[in-house]
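# Inside the fold
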Amino acid sequence: MRKTLLGLLLLSMSILVQAQESVFRENHPERYQVVRGDTLWDIAGRFLNLPWKWPEIWHANPQINNPHLIYPGDIISLVYIDGQPRLMVDRGQGGTIKLSPTVRSSAVAEAIPTIPLEAINAFLNAGRIMDDAEQLEAAPYVIGGEAESVVAGAGNRVYARGDIDETIPAFGLYRRGKAYTDPQSGDFLGIHAQEIGNADVLATERDITTLMVTRSRQEVRIGDRLLETEERAVASTFFPSDPEDEIDGLILDVPNGVTQIGQYDVVILNKGARDNLQEGNVLAIYKTGEVVRDRVQNERVQLPDERAGLLMVFRVYDRMSYGIVLNAQRQLAIMDKIRNP
């Protein structure tokens, strides 16, 4: 009986090791030294078949709060702990240590990002989702610029009208975009507000406020709205992860107005916090299968959906989210499907 139990235990351990090893690429390196310009996604792809599974290789170590703080010069090594494959990092501190946010002299800002830093600019251009249309309509709005100008940019004064909270020293400038209805349920999802720039409050007299435009991505126009800036840090480091629940959604739109989507483009999704979607969740993108004619049966048949890419959610609202395309095997488009990877 004891031999039987021992055999079952060894078999279970063997299956566990094989399952974990399957996460690793067949041609993965044993060691890799991190260099400037690397990204977490690139390094994970050197070792893993599924790069977003990166945090799970430290799942048994509850002391690790952020396994993504990796720096140029670090050496990533594949080792076995209790018969299980693990990735560890040598930070030149006298030996190999588990990857963890321990005290070090390098600033966190020097850590390599999840994706290329230039792609993070796309986050800033995304804008925001307004769950309530009346909130946007009630917001103060630009009525003109200095010297009777109808447009303005950074360094120019603009004048806004409306009820402005005098305790707020600066505002974001936004332009109303599309209102979205869920194609699957018919529910109202929200309104996309495109960020135009920022402005500091200079003075308020009656219901007219004078502002100085401090930053502009586009020309500020009459009718643009003033909204309090969202308290959301734009981080280059995320915890890539699988969604906790089943996701079956769609790419609704692209903030910059294009219809064809490629790597590092930002997309708007019809799923959000109410669907238990979280920042860092990775989703697979599928293109709807083509409809072809079966000449034998003389009928039209829809082919299976084809997986075409991956995206990572980076900003979540109640009913909608923003994602960034991590890779695309085919040209993507609005209304492509998103599912668990």
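Everything below is about the structure shown above.
Just so we're clear, the structure is a prediction, and the values are computed from it rather than from any experiment.

### With respect to the overall build of the protein chain
Scanning the protein chain from N- to C-terminus turns up 4 helices and 23 strands. If you take every contact in the protein chain between residues at least 6 apart in sequence, the share linking residues at least 24 apart comes to 67%. Accessible surface for the protein chain amounts to roughly 18,000 Å². Of this, 49% is attributable to carbon and sulfur atoms.

### Quick notes on the nonpolar core
Among the nonpolar cores identified, the biggest contains 21 residues, and Trp41, Tyr180, Leu310, Phe314, Met320 and Tyr322 are the most heavily contacted of them. Elements with a minimum of two residues in this core: β16 (266–269), β17 (282–287), β20 (306–316) and β21 (321–328). Shared between two domains, this core holds at least three residues of each, these being domain 2 (127–228) and domain 3 (248–339). The contacts of methionine 320, once residues within four sequence positions are left out, are Ile129, Tyr180, Leu189, Gly190, Leu252, Ile268, Leu269, Lys271 and Gly272. Membership of the second largest hydrophobic core comes to 16 residues, among which are Ile251, Leu269, Leu311 and Val313.

### A look at a negative patch on the surface
Taken together, the side chains of Asp131, Asp132, Glu134 and Asp318 present a region of like negative charge at the surface. Mapped onto the fold, aspartate 132 is located in the loop between β5 (128–130) and α4 (133–138). Relative accessible area serves as the criterion here: at 39%, aspartate 132 is assigned to the partly exposed category.

### Brief notes about the pattern of salt bridges
Two side chains bearing opposite charge may form a pair once their charged atoms approach each other closely. If you walk through the whole model with that rule in mind, you get 12 salt bridges. The salt bridge involving glutamate 195 is made with arginine 217; its shortest N-O contact spans 3.3 Å. With glutamate 195 in strand β10 (residues 188–205) and arginine 217 in the loop between β11 (208–216) and β12 (220–221), this pair connects stretches of sequence that are 22 residues apart. Given a relative accessible area of 34%, arginine 217 falls into the partly exposed group.

### Thoughts on the environment of isoleucine 338
Take isoleucine 338: it is sitting in strand β23 (residues 337–339). For the pair isoleucine 338 and isoleucine 285, spaced 53 residues apart in the sequence, the C-alpha separation amounts to 4.7 Å. Excluding residues that lie within four positions of it along the chain, isoleucine 338 makes contacts with Ile247, Asp248, Gly249, Leu250, Ile251, Leu269, Leu283, Ala284 and Leu311.

### What about helix α2 (residues 40–47)?
Inspection of α2 places Leu40, Trp41, Ile43, Ala44 and Phe47 among the buried residues, and these make up the whole buried set. Down the axis of α2, the smallest arc covering the buried residues is 165°, so these residues share one side. Summarising the contacts, the buried residues of α2 are in contact with β1 (31–33), β2 (75–81), β3 (84–90), β17, β20 and β21.

### What to know about the pairing of strand β19 (residues 299–302)
When strand β18 (residues 291–294) meets β19, the two strands line up antiparallel, connected through 4 bridges. Bridge pairing links valine 292 to valine 301 in β19. Where β18 hands over to β19, the hairpin turn is made up of 4 residues, of which asparagine 298 adopts a positive phi near 55°.

### Some points on the sheet that holds β21
Strand order in the closed barrel made by the 6 strands is β14-β16-β21-β20-β17-β23, with antiparallel pairing throughout. Averaged over neighbouring strand pairs, the angle between their axes works out to 45° when direction is ignored. Both β17 and β20 contribute to a ladder of 6 bridges, which runs antiparallel. Each bridged residue has a counterpart across the sheet, and for valine 282 the counterpart in β20 is methionine 312.

### Digging into the packing of aromatic side chains
Pairs of aromatic rings are described using the distance from one ring centre to the other and the angle between the two planes. Taken as a whole and judged by the stated rule, the model has 2 aromatic pairs. Ring geometry for phenylalanine 314 and tyrosine 322: centres 6.1 Å apart, planes at 20°, overall stacked. Note on tyrosine 322: relative accessible area 0%, which makes it buried. Where tyrosine 317 meets tyrosine 322, the ring centres are 6.0 Å apart and the plane angle is 75°; that geometry is what we call edge-to-face. Three or more aromatic residues joined by ring pairs form one cluster here, namely Phe314, Tyr317 and Tyr322.

Analysis parameters
- Residues numbered from 1 in each chain as written.
- Predicted model: local features only at pLDDT ≥ 70, side-chain atom pairs only at ≥ 80, totals over all residues.
- Heavy atoms only, no water.
- Helix = DSSP H or I, 4+ residues; strand = E, 2+ residues; numbered from the N terminus.
- Contact = heavy atoms within 4.5 Å.
- Areas by Shrake-Rupley, 256 points an atom, 1.4 Å probe, with all protein chains shown as cover.
- Core = buried A, V, L, I, M, F, W, Y, C linked by side-chain atoms within 4.5 Å.
- Buried < 20%, exposed > 50% of the residue type's maximum accessible area, 1.4 Å probe, protein only.
- Domains from an automatic or database assignment.
- Patch = residues over 30% accessible without salt bridge, like charges linked within 9 Å, V, L, I, M, F, W, Y side chains within 5 Å.
- Salt bridge = Lys/Arg side-chain N within 4 Å of Asp/Glu carboxyl O.
- Lys, Arg positive; Asp, Glu negative; His and termini not counted.
- Charge placed at Lys NZ, Arg CZ, Asp CG, Glu CD.
- Arc of directions from axis to C-beta.
- Pairing = 2+ DSSP bridges.
- Axes fitted to C-alpha atoms, helices over the stretch in contact; angles between N-to-C directions.
- Phe/Tyr/Trp six-rings, centres within 6.5 Å; stacked < 30°, edge-to-face > 60°.

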